[in-house]
Each structure stands twice: as C-alpha cells, then as structure tokens.
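Examination of the molecular architecture
Listed below, chain by chain, are the residues.
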Amino acid sequence: MIAVKRLIGVEIPVEKFKREAEQFISLDHKNIVKVASYCHDQSRGHRLVQFKGEPLPHLFNGAEQLLCYEYMHNGSLRDYLVGQESREIDWEMHYKLIKGTCAGLHYLHKGRADCPIVHLNLSPSNVLLDKNYVPCITGFDFSKLIGEKNTKSLVLKLNGPIAYLPPDFFHSKGTDLKYLAMVDIYSLGLMILEIATQQEIKGNHGVLIKSIEENWREESQIRWLYTSLEADELQQVKMCIDIGLHCVQSKPEKRPTARDIMLWLDKGVNPVPAPRAGGGVSRPTVSVPSAGPGGVPRPPVPTNITHADDRIQGFPIPEPSSVNEYLLMK
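Residues numbered from 1 in each chain as written. Predicted model: local features only at pLDDT ≥ 70, side-chain atom pairs only at ≥ 80, totals over all residues. Heavy atoms only, no water.

Glancing now at the packing of helix 3 (residues 91-110) against helix 10 (residues 258-267). Here helix 3 crosses helix 10 at 145 degrees, and the two axes come no closer than 9 Å. For the pair helix 3 and helix 10, the sense of crossing is left-handed. Contacts between helix 3 and helix 10 involve Tyr95, Lys99, Cys102, Ala103, Leu105, His106 and His109 from the first element and Ala258, Arg259, Ile261, Met262, Leu265 and Asp266 from the second. Classifying every residue of the contact of helix 3 with helix 10 by side-chain character gives 8 nonpolar, 2 polar and 3 charged. (Axes fitted to C-alpha atoms, helices over the stretch in contact; angles between N-to-C directions. Helix = DSSP H or I, 4+ residues; strand = E, 2+ residues; numbered from the N terminus. Left-handed = near helix turned anticlockwise from the far one by under 90°. Contact = heavy atoms within 4.5 Å. Nonpolar A, V, L, I, M, F, W, Y, C, P; charged D, E, K, R; others polar.)

As structure tokens, then:
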C-alpha cells in the first residue's frame, strides 16, 4: 500500500524534479515518511478525474509529476490532538510523539551530503503515524521543489499570520537556511507545548504561550492533567514544556537547534535557564481537556491527505482544483 502525491498547477523543471526526488528517496529515518519512487512524464498533459468525490473535467497542461510514499495507516498527529482520541492517549504515548517528531526534524536539518532540508510548514497535520503509531514527518518536499522563497510567499498568501509559524517569519527577508531552520524550531516548539499540555494551538500564539509560562511550571498543574504519573514522569513533562518554551522565544537567535533538543531529550535534562518566551499577538487561551485513561488510541479513519498540505500546495490554477490530488493505490 502506497500513497501517491500528484503535483497539479505547479511544474518543476525536469532536472530539478529528478534531483530533488532522488534526494527524497535517499532519506532514511524512522521518523520521516519514506519516498519510495517518482515519475516525471513530459509526453502528455494530465487530467484530474475526481477530487473529493466530485468529477472535474479539467485538463492541465504540463508534465505529469508524481511522488510515491509509504502509506501511513493511522492518520495525522492532528487527529490525536483534537477530539475524542486526545483523551485516550497517556503520557508515554505523548512523549513518544514528541521525541519522534524532534528526531525527524533533527534528521532533516542535519541533512544528507551537506544538503539540509527546512520544512517551513511543520504542523501536526504534517506528522503522520505509521501502523505502530510512530510519528513520521511529511510535507518537507514542497519547500525543496519550489524553493524556500516561493514557499514563504505561498504560505503567507494562503495561511496568513496563523498556523504554527513565528511572527518574525512574516517580516523576514532572504532565504538564509540557518534562520529558516529557526522557523521550523518555533513550529516544533508549539507542537511540543500542544502535546504536553493538551491545549490546542490556534491563530496567534502570544497569550497561550504566556499562560503556559505562568501556569505550567508548577508541578500541581501538571499533576492536575496527568493524575497517575510517577515523579520521574512528571519531571519528563516539565522538561518537555521547558523545551517547548525555549523553542518559541521571540528572538530567533535564542531558539535552540534540533541537535540541542535531542541532547536534552536523550539526557533527560531541562534546558537552563528557562526562558521567558513571549511573541505573537494576544489570543484567548484554550481550555485544557480532562486527562483520560492510558493505552494505545483507537485509530481514526486512515488518510494521507493532510490539511496543511491542502492549504499549501495550491498555485493559481483553474478552480476548483487548487490542491494536490492524493491517490491511494495498491
């Protein structure tokens, strides 16, 4: 079982597409969705036969460009952070999701053959879970295929100043990879805070970050959410919250690298000193859902269509097909 991403409305030069696709295939990490193969056929245009159950008789000119991925059986991380499933995940599972996502981003940023990959749209919708609930990052292909500068323009156009992106990203200039890596770190920090505190991140982040700074450093708050944890596990939760707050600091140069984060997690130590993060425009906090019993969550309806991908991969093309088509094939 594989998932096929069909690029529509965006034509990548053939040599660039092949070069980047070969690099994607070379990526090999348990926390990265594996790219199995690709196709670039310049001999014909392609027709979008159906999208979301609706027939679309539009013919698109340009090469047929496909990327084939391993199929992720248990949907996206977003499915487990919002709704009923979120109350069925114990701390052990939360920590597994945090550490696996951090490891995947570290692998992308470290790069292969001195060619690091920045994501620029990291979110729970772009973290998929395999059949064993191992988190795997996807969606990193887009910034590489169309370039970081074009990715930024498109993210700003379609998303606006929301989602998991830092406020500084919307005012930055250039495509310095060191800075763009700090954009990913901010997004990762929001995800860590969301997983650890079970609060949903929405829109601008300032008030929620401040609320976590002021309320979640006390062990009593953590015990209120995780009622049955041992002392070492409570310390683990606190460590993850402190790491998340380090990642969302308003000044990019103060954010840790993915390597720093993995060292903290591997050693089980808190980053010191704990920062006062700040950043973002005020937004009311989201109420904390009650903790539920432990155990492996019941999977939602499997899907490899991620909401963030749907928003991001939509160059101006004939309506209503403003996103990539995903085909599930045996």
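In this structure the tally under the stated criterion is 7 salt bridges. The salt bridge partner of Glu20 is Lys16, with a shortest N-O separation of 3.6 Å. Here the residue Glu20 and the residue Lys16 both occupy positions in helix 1 (residues 14-26), the gap between them amounting to 4 residues, near one helical turn. In this structure Lys16 comes out as partly exposed when scored by relative accessible area, which is 23%. Notably, a salt bridge pairs Glu219 with Arg223, separated by 2.9 Å at the nearest N-O pair. (Salt bridge = Lys/Arg side-chain N within 4 Å of Asp/Glu carboxyl O. Buried < 20%, exposed > 50% of the residue type's maximum accessible area, 1.4 Å probe, protein only.)

Once that is clear, we can look at the packing of aromatic side chains. Evaluation of the coordinates by the stated rule reveals 5 aromatic pairs. Here Phe17 and Tyr38 contribute two aromatic rings whose centre-to-centre distance is 5.9 Å and whose plane-to-plane angle is 75 degrees, an arrangement assigned as edge-to-face. One end of the pair, Phe17, is in helix 1; the other, Tyr38, is in strand 2 (residues 35-41), and 21 residues separate them in sequence. With a relative accessible area of 23%, Tyr38 lands in the partly exposed category. Taken together, a centroid distance of 5.4 Å and an interplanar angle of 75 degrees make the contact between Trp91 and Tyr226 edge-to-face. In this pair, Trp91 is assigned in helix 3 and Tyr226 in the loop between helix 8 (219-225) and helix 9 (231-247), connecting sequence segments 135 residues apart. (Phe/Tyr/Trp six-rings, centres within 6.5 Å; stacked < 30°, edge-to-face > 60°.)

Buried residues of helix 7 (residues 206-215): Gly206, Leu208, Ile209, Ser211, Ile212 and Glu213, and no others. Considering only its buried residues, helix 7 is in contact with helix 6 (177-197) and helix 9.

Next up on the list: the environment of Cys136. Within the secondary structure, Cys136 is located in strand 7 (residues 135-137). A relative accessible area of 2% means that Cys136 is categorised as buried. Taking the C-alpha atoms as reference points, Cys136 and Asn126, 10 residues apart in sequence, are found 8.4 Å from one another. Sequence-distant contacts of Cys136, that is, excluding residues within four places in its chain, are made with Lys30, Asn31, Ile32, Val33, Met72, Asn126, Val127 and Leu128.

The next subject is unusual backbone geometry. A positive phi is found at Leu120, a non-glycine position, where the angle reads about 70 degrees. In this structure, Gln198 is a non-glycine residue whose phi angle is positive, near 60 degrees. With respect to the helices and strands, Gln198 occurs in the loop between helix 6 and helix 7. Residue class for Gln198 comes out buried when judged on its relative accessible area of 11%.

On to the confidence of the model for the protein, then. Per-chain confidence: the protein averages 75 in pLDDT, with 68% of residues scoring 70 or above. Model confidence for the protein, summarised as mean pLDDT per element, is weakest for helix 11 (residues 307-312) at 30 and strongest for strand 7 at 97. Predicted confidence is poor over residues 277-330, with pLDDT under 50, and the contacts of this stretch with residues over four places away or in other chains come to 162 contacts. (pLDDT = per-residue confidence, 0-100.)

Our next topic: the layout of surface pockets. Approximately 340 Å³ is the volume attributed to the largest pocket. What lines the largest pocket is a set of 20 residues, and nearest its centre among them are His109, Lys178, Ala181, Met182 and Thr257. When residues of the lining of the largest pocket are traced back to their parent elements, those giving at least two are helix 3, helix 6 and helix 10. In terms of residues, the lining of the largest pocket owes the most to one element, helix 6, which gives 6 residues. (1 Å grid on protein atoms, 1.4 Å probe; cavity = no way out; pocket = protein on both sides within 12 Å on 5 of 7 lines; lining within 4 Å. Points joined across faces, edges and corners; volume = space filled by probe spheres on them.)

The next point concerns the pairing of strand 1 (residues 2-6). One face of the sheet, then the other: side chains in a regular strand alternate in exactly this way. Burial analysis of strand 1 places 4 of its 5 residues in the buried class, the great majority of the element. In the sheet, strand 1 pairs with strand 5 (residues 64-70) via 5 bridges, with the strands oriented antiparallel. Bridging across to strand 5, Val4 finds its partner in Cys68. (Pairing = 2+ DSSP bridges.)

Here we take up the nonpolar core. Core analysis: the biggest nonpolar cluster contains 82 residues, and Trp91, Cys240, Ile241, Ile261 and Leu265 have the highest contact counts within it. Broken down by element, the residue count for this core peaks at 14 residues, all from helix 6. Here Cys240 is in contact with Trp91, Tyr95, Ile98, Ile192, Ala196 and Leu265, once residues within four sequence places are set aside. (Core = buried A, V, L, I, M, F, W, Y, C linked by side-chain atoms within 4.5 Å.)

Helix 9 packs onto helix 3 with a crossing angle of 35 degrees between their chain directions and a minimal axis gap of 11 Å. Between helix 3 and helix 9 lies a crossing of left-handed hand. Across from Trp91, Tyr95 and Ile98 in helix 3, the residues of helix 9 making contact are Glu233, Gln236, Val237, Met239 and Cys240. Within the contact of helix 3 with helix 9, the residues separate by chemical class into 6 nonpolar, 1 polar and 1 charged.

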